[in-house]
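Overview (structure and organization)
The residues making up each chain are set out below.
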Amino acid sequence: MSNRHVDYVDDVLPGHGALPPRTWYAASSAASLSLNGSWRLRLSPTADAEDESFAAEGFDAGDWPEVRVPGHWVLQGDGAFGAPVYTNHLYPFPVDPPYVPTENPTGDHLRTFDLPDDWPGEAAGGGAVLRFDGVESCARVWLNGTDLGEFKGSRLPHEFAVGSLLKPTGNVLAVRVHQWSSGSYLEDQDQWWLPGIFRDVTLLHRPAGCVLDFFTHASYDHTTGLGTLRVDSDVDGRVIVPELGVDAATGEPVTVPVEPWTAETPRLYAGELVTEGERVPLRIGFRTVVLEDGLIKVNGVPVLFKGVNRHEWHPEHGRTLDLDTMRRDVALMKSHHVNAVRTSHYPPHPAFLDLCDEYGLWVIDECDLETHGFVEQDWRDNPVDDDRWTPALLDRAARMVERDKNHPSVVMWSLGNEAGTGRGLTAMAEWIRGRDPERLVHYEGDINCRDTDVYSRMYASHAEVEKIGKGLDGGTDRRRGLPFILCEYAHAMGNGPGGLADYQRLFETYDRLQGAFVWEWIDHGIADERYGYAYGGDFGEELHDGNFVCDGLLFPDRTPTPGLLEFKKVIEPVRIEVDGPAGTVRVGNRHDFRDLSHLVFAWSYQVDGETVETGSLSVPPLAAGESTEVKLPAPPVDAPGTESQWTVRALDADEREVAWGQGVSTPRPVPRPATGARPVHGAGLITLGPATFDPRTGELRTVGRIAVTAPRLDVWRAPTDNDAGASWQDDVRLGEQWRKLGLHRMRHRLDSVEATDDALTVRGRVAPAGRDLGLRTVYRWTSDGTALRLTVSVAPEGEWPVALPRLGVRFGLPEGASRVRWFGGGPGEAYPDTRQASALGLWHDDVDALQTPYVFPQENGARADVRWAEIGGLRIEGDPEFWFTARRWTTEQLDAATHRTDLVPGDTVWVNLDHAQQGIGSQSCGPGPLPRYQLVARAAEFAFTFTEVGGD
Ligand code: IPT
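Residues numbered from 1 in each chain as written. Predicted model: local features only at pLDDT ≥ 70, side-chain atom pairs only at ≥ 80, totals over all residues. Heavy atoms only, no water.

Going by an unreviewed UniProt entry, the protein carries the name Glycoside hydrolase family 2 TIM barrel-domain containing protein and comes from Streptomyces citrinus.

1. Details of the overall build of the protein
Scanning the protein from terminus to terminus reveals eleven helices and 59 strands. Here the C-alpha coordinates of the protein stretch approximately 105 × 65 × 55 Å along the principal axes. Expressed as a percentage of its 952 residues, the buried residues of the protein come to 61%. Of all intrachain contacts in the protein linking residues separated by at least 6 positions in sequence, the fraction that spans at least 24 positions is 74%. Surface accessibility of the protein: about 34700 Å² in total, with carbon and sulfur atoms responsible for 49%. Positive and negative side-chain charges in the protein, numbering 91 and 143 respectively, have mean positions lying 5 Å apart. (Helix = DSSP H or I, 4+ residues; strand = E, 2+ residues; numbered from the N terminus. Buried < 20%, exposed > 50% of the residue type's maximum accessible area, 1.4 Å probe, protein only. Contact = heavy atoms within 4.5 Å. Areas by Shrake-Rupley, 256 points an atom, 1.4 Å probe, with all protein chains shown as cover. Lys, Arg positive; Asp, Glu negative; His and termini not counted. Charge placed at Lys NZ, Arg CZ, Asp CG, Glu CD.)

2. Digging into the sheet that holds strand β18 (residues 237-241)
Spatially, four strands are ordered β19-β18-β21-β22 in an open sheet, and the strand pairing comes out antiparallel. Only two strands of the sheet have a single neighbouring strand rather than two, namely β19 (246-249) and β22 (279-284). In this sheet, adjacent strand axes meet at a mean angle of 20° when their direction is disregarded. The sheet contact formed by strand β21 (residues 269-275) and β22 spans six bridges and is antiparallel. Among the inter-strand pairings, Glu-272 is bridged to a residue of β22, identified as Pro-281. (Pairing = 2+ DSSP bridges. Axes fitted to C-alpha atoms, helices over the stretch in contact; angles between N-to-C directions.)

3. Some thoughts on the sheet that holds strand β17 (residues 226-233)
Working definition: the strands of a sheet are paired by backbone hydrogen bonds and lie parallel or antiparallel to each other. The three strands lie next to each other as β16-β17-β20, forming an open sheet whose pairing is antiparallel. Edge positions in the sheet fall to β16 (214-221) and β20 (254-257), since each has one partner strand and no second. Each adjacent strand pair in this sheet contributes to an overall mean axis angle of 20°, direction not counted. Here four bridges tie β17 to β20, and the two strands are oriented antiparallel to one another. Along β20, the bridge assignment pairs Gly-227 with Val-256.

4. So, the pairing of strand β26 (residues 305-309)
On any regular strand, side chains alternate: one points to one face of the sheet, the next to the other face. Where burial is concerned, most of β26 is hidden: five out of the five residues are buried. The two faces of β26 match: Phe-305, Gly-307 and Asn-309 on one face and Lys-306 and Val-308 on the other face are all buried. Sheet topology places β26 next to strand β33 (residues 513-518); four bridges connect them, and they run parallel. Bridge pairing links Phe-305 to Gly-515 in β33. Strand direction decides the pairing type here: β26 and strand β27 (residues 340-342), joined by three bridges, are parallel.

5. Topic: helix α3 (residues 390-404)
Its 15 residues place the ends of α3 21 Å apart at the C-alpha level, agreeing with the 21 Å of an ideal helix rising 1.5 Å per residue. Most of α3 is tucked away, with 13 of its 15 residues classed as buried. (Expected span 1.5 Å × (residues − 1).)

6. Regarding the packing of helix α1 (residues 323-335) against helix α2 (residues 350-359)
Packing of α1 against α2 brings their axes to within 10 Å, and their N-to-C directions diverge by 35°. The way α1 lies across α2 gives a crossing that is right-handed. Of the residues in α2, those touching α1 at Leu-323, Met-326, Arg-327, Asp-329, Val-330, Ala-331, Met-333 and Lys-334 are Ala-351, Phe-352, Leu-355, Glu-358 and Tyr-359. Looking at the contact of α1 with α2 residue by residue, the class counts come to nine nonpolar, no polar and four charged. (Left-handed = near helix turned anticlockwise from the far one by under 90°. Nonpolar A, V, L, I, M, F, W, Y, C, P; charged D, E, K, R; others polar.)

7. Considerations on the pattern of salt bridges
Opposite charge on two side chains makes pairing possible when the charged atoms of those side chains draw close. Throughout the structure, instances matching the rule amount to 85 salt bridges. Between Arg-765 and Glu-797 there is a salt bridge, with the nearest N and O atoms lying 2.7 Å from each other. Highlighted residues: Arg-765 in strand β50 (residues 760-768) and Glu-797 in strand β52 (residues 788-797), separated in sequence by 32 residues. Exposure remark for Arg-765: the relative accessible area of 15% places this residue in the buried category. Residue Glu-797 is classed as partly exposed on the basis of its relative accessible area, which comes to 24%. In this structure, the salt-bridge partner of Asp-846 is Arg-819, at a minimum N-O distance of 2.9 Å. Separated by 27 residues along the polypeptide, Asp-846 in strand β55 (residues 839-846) and Arg-819 in strand β54 (residues 819-826) bring together distant segments of the chain. For Arg-819, a relative accessible area of 33% corresponds to the partly exposed category. (Salt bridge = Lys/Arg side-chain N within 4 Å of Asp/Glu carboxyl O.)

8. Some thoughts on the site of the ligand
Looking at the ligand, there are 14 residues lining it, with Asp-190, His-345, Asn-417, Glu-488 and His-491 nearest. Measuring from an oxygen atom of the ligand, one finds a side-chain N or O atom of Asn-88 at 3.5 Å. With respect to the ligand, the side chain of His-345 contributes an N or O atom lying 2.6 Å from an oxygen atom. Alone, the ligand offers 390 Å² of accessible surface; in the complex the protein occludes 89% of this. The class makeup of the residues in the shell around the ligand is five nonpolar, five polar and four charged. (Near = heavy atom within 4 Å. Polar contact = N/O pair within 3.5 Å; in protein donor to acceptor, adjacent residues only side chain to side chain.)

9. Side note on the domain arrangement of the protein
Split by domain assignment, the protein resolves into domain 1 (4-206), domain 2 (214-290), domain 3 (304-567), domain 4 (574-666) and domain 5 (680-948). The C-alpha-based centres of domain 1 and domain 2 are spaced at 35 Å. Each partner contributes residues to the interface: domain 1 has seven residues there, and domain 2 has five residues. Interface area, domain 1 with domain 2, both sides summed: about 480 Å², of which 55% is carbon and sulfur. Where domain 1 meets domain 2, there are one salt bridge. The residue Glu-278 makes a salt bridge to Arg-206 at a minimum N-O spacing of 2.7 Å. Where domain 1 touches domain 2, the interface holds four residue pairs in polar contact (both at pLDDT 80 or more). In the side of domain 1 that touches domain 2, the residues fall into three nonpolar, three polar and one charged. (Domains from an automatic or database assignment. Buried area = accessible area lost by both parts, 1.4 Å probe.)

10. A closer look at the nonpolar core
By size, the foremost hydrophobic cluster in this structure holds 144 residues, and its most contacted members are Leu-130, Leu-173, Leu-203 and Tyr-489. With sequence-adjacent residues up to four places away left out, Leu-173 is seen in contact with Leu-35, Trp-39, His-109, Leu-110, Arg-111, Phe-113, Leu-130, Val-141, Trp-142, Leu-143 and Val-201. (Core = buried A, V, L, I, M, F, W, Y, C linked by side-chain atoms within 4.5 Å.)

11. Quick look at a positive patch on the surface
Taken together, the side chains of Lys-740, Arg-745, Arg-747 and Arg-771 define a basic patch exposed on the protein surface. Examined against the element boundaries, Lys-740 turns out to sit in helix α10 (residues 734-741). Residue classification places Lys-740 among the exposed positions, given a relative accessible area of 58%. (Patch = residues over 30% accessible without salt bridge, like charges linked within 9 Å, V, L, I, M, F, W, Y side chains within 5 Å.)

12. Notes on unusual backbone geometry
Cis peptide bonds are those with omega within 30 degrees of zero, and the linkage from Pro-97 to Pro-98 qualifies with 0°. Secondary-structure assignment places Pro-98 in the loop between β5 (85-87) and β6 (103-113). In the segment running from Asp-879 into Pro-880, the intervening peptide bond is cis, with an omega of 0°. Relative to the helices and strands, Pro-880 is located in strand β57 (residues 874-887). Even without being glycine, His-337 reaches a positive phi, approximately 70°. The topology assignment puts His-337 in the loop between α1 and β27. Taking relative accessible area as the criterion, His-337 reaches 13% and is therefore assigned buried. Its identity as a non-glycine residue notwithstanding, Cys-449 has a phi of 60°, on the positive side.

13. Remarks on the state of the cysteines
Tallied over the full model, the rule gives zero disulfides. Distance from the sulfur of Cys-550, which forms no disulfide, to the nearest cysteine sulfur (Cys-925) is 15 Å. With a relative accessible area of 4%, Cys-550 lands in the buried category. (Disulfide = S-S within 2.5 Å.)

14. Considerations on the pairing of strand β46 (residues 700-703)
Where strand β45 (residues 691-693) meets β46, three bridges bridge the pair, whose relative direction is antiparallel. Within β46, the position partnered with Phe-693 by the bridge is Leu-700. Counting the residues that bridge the hairpin from β45 to β46 gives six residues, and of these Gly-698 lies at a positive phi of roughly 75°. Bridge count between β46 and strand β47 (residues 706-707): two bridges; the pairing is antiparallel. When the bridges of β47 are listed, Thr-702 appears paired with Ala-707. Hairpin connection between β46 and β47: a loop of two residues separates the two successive antiparallel strands, and Gly-704 in this loop has a positive phi of roughly 60°.

15. Thoughts on the confidence of the model for the protein
The predicted coordinates of low-pLDDT regions are not to be read in fine detail. The predicted model of the protein averages 97 in pLDDT, with 99% of residues at 70 or higher. Looking across the protein, the model is least confident in strand β43 (residues 680-682), with a mean pLDDT of 94, and most confident in strand β28 (residues 362-366), with 99. (pLDDT = per-residue confidence, 0-100.)

Rendered as structure tokens:
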């Protein structure tokens, strides 16, 4: 930088002028004034385009546009304030640390404020502090013309002492925010780059004798049931917890019988820290976190993390989240059985951690640090291995730990994400251990666990995780003695992730495996009229990573995806396994702490999907980890030719379903084939039972009064993000292989149409241009006069080097077909390795509602295990069960679409009846589907019976 007055922008130091970091608390007896609201904004293209005169008192900013604080300016002003940029790990500017580009959007923010009438005056003594909870990426601050200093560390708080500068009225607060700074090199997280004052700005009165910083130590001794409380405070005072009869001096330990805090039982005690000048409410949770016997134990018990990675996201406001949105996240996590959250990849808004304390979530609090882009140069010049940057790293570590140290929910500190390795990280770990030895340290990049207390990895395959579980992974002595977690797994991008249940089985089998965190909680799509939701590239970015930013268990508007429902089922805290033939249920309590006395159990009995009897089931209040077998009542006598099953559910006091299981009582009878009628040649038609066919092509035209686009073999699906795989993976990337083979442009050759006494048989070969492989296909049509049966036989020819996307038939119905009823898996979508949440039942929905609106359109919406489905007046029965999909566009249109808004209903409803589907896996970042979920091309035969049933 040539201009001295903005030298701080690319200085490696974190800033100057701010107060030392300290704890954050929402409530206090001291006055405070929110400075959120409408501010004036002047945007400049470079850091030094404008001088600092705007910060002086009396400056007239009346013609500047207004901007909402907290907020990101690029998400306001309808494009007038620039645009967001998305990159995964590439820096969106030339890598030459610590320098940043001359083109450095700079927002001068200005607001004036008066002190409220009751703001304590000089007489009340003390001063005031101005707090910024988050500004991206670098800010310089003036109050009433006085330069207070500048800071970096976007998702960390910074406070300035301002007492002597305040006036009763007409205070002028000026904040210059630079989008890029040396700090940007430390903030290369996979997310949108979004400059602005994006968290609260608050003025806090600091009375004489007020609380400065304090550290609540509340441990729990599980052998005695006693909790020990000690609040260390910079300013002496008293600690009062009425419920426990505690009234002690700060710094003095008190031991009393308590109920412990856990994520399952988030017991908080209300207390107060009272100093001469301030009363601060405390919420105390007693718990002890240790590493013992190679395991992470809380209150003496090894815990299993069923976690998610949570970025802060709102589709309109970016990383500015209001309290309701945060609460919604926590409530959604709890209602989907999530018990842990990694705050990827920065400390969240502090109020989020209050909610984690209150609702009960284990938290890995992660520092605002990622230098991933240096991987491109083999980590050369990585700031975390360069002593000049260490003060900035230590500043970040301290700002996180000091801010969040009083949350019982926080059990681990994470040094950051994807920052390679280096001395700076070691320095952070050492500082953190010194300051807070009562929590564990996490960092995934530390493969030998030199600085960390847990062996942590991301996206390891099932096989590797199993090896680690067995302790056969080698590694250093230190690592061998440590527990294992996957801080990221199950990449929830688009349809998926697949294989969750298989991971969970491993976590439950091997003690060393203490669980995992799904990547990630929410899609970071930006609400956009053009597209529905925008992702990388939609704002004309020079470098971007497309829809890789949409990989969450929630859609951007926080609607759960099928992936979240699958996760919920896989991690449900009670396992219910029904053995129908034996008439028993095995109930397992999978909590780590809680017994089952808060649940009631109910059974129901279904015949052909209809519930015919219900009752309650008495299950003992099993302790955590216990299981037992319970006898079901004698089943009703089933009518011949019916299928029956048990459903057992665990319900909480509000009758919310906590867990469920099903088991077959009488298996599905083999469907009766429709035969007997003979094909009849008529005027330009062949008639067979209720159906007519084209005599030349053998294609089905009508079933009763219903006109159809003839069924034919279909192997194509619009590749999912997980089919497409990540660009850096060189093993099988299915989407690409499929296209290379030409599976998206299969040709259908007709070899013969043959009408015999009992069947109409159409033979052909389905194959792509340019290849010698193909699928010999025989469609055999029979009828009993009322029903029409299609038997499809497929025999692969040639070498099939990869799995097929799907194997089944596709046909078309007139657009009036909208209601769908089916007996099979539901209510939501399922694929071979994402089918745990699919319950056997009678379901109905509209075709439109069967679609899962992935932000980037792709294969979706299949229903599993379908016995029969009715749509458009047609009943389709499967022999065997099939996968049902219906949509108002073709697979080819779905494949071509890049945004939700590209999907426009046509005049045909396309129905896929699949004998098999390829698994989903997680290859958009991790491993593909396990071998048992792969759809290997092999000879197959399957049949469907069509009957006209009327209705739409
Ligand atoms: C991993 C990152 O930690 C995370 O931020 C996100 O980018 C995720 O991948 C993919 O969505 S890093 C990857 C190289 C495994």
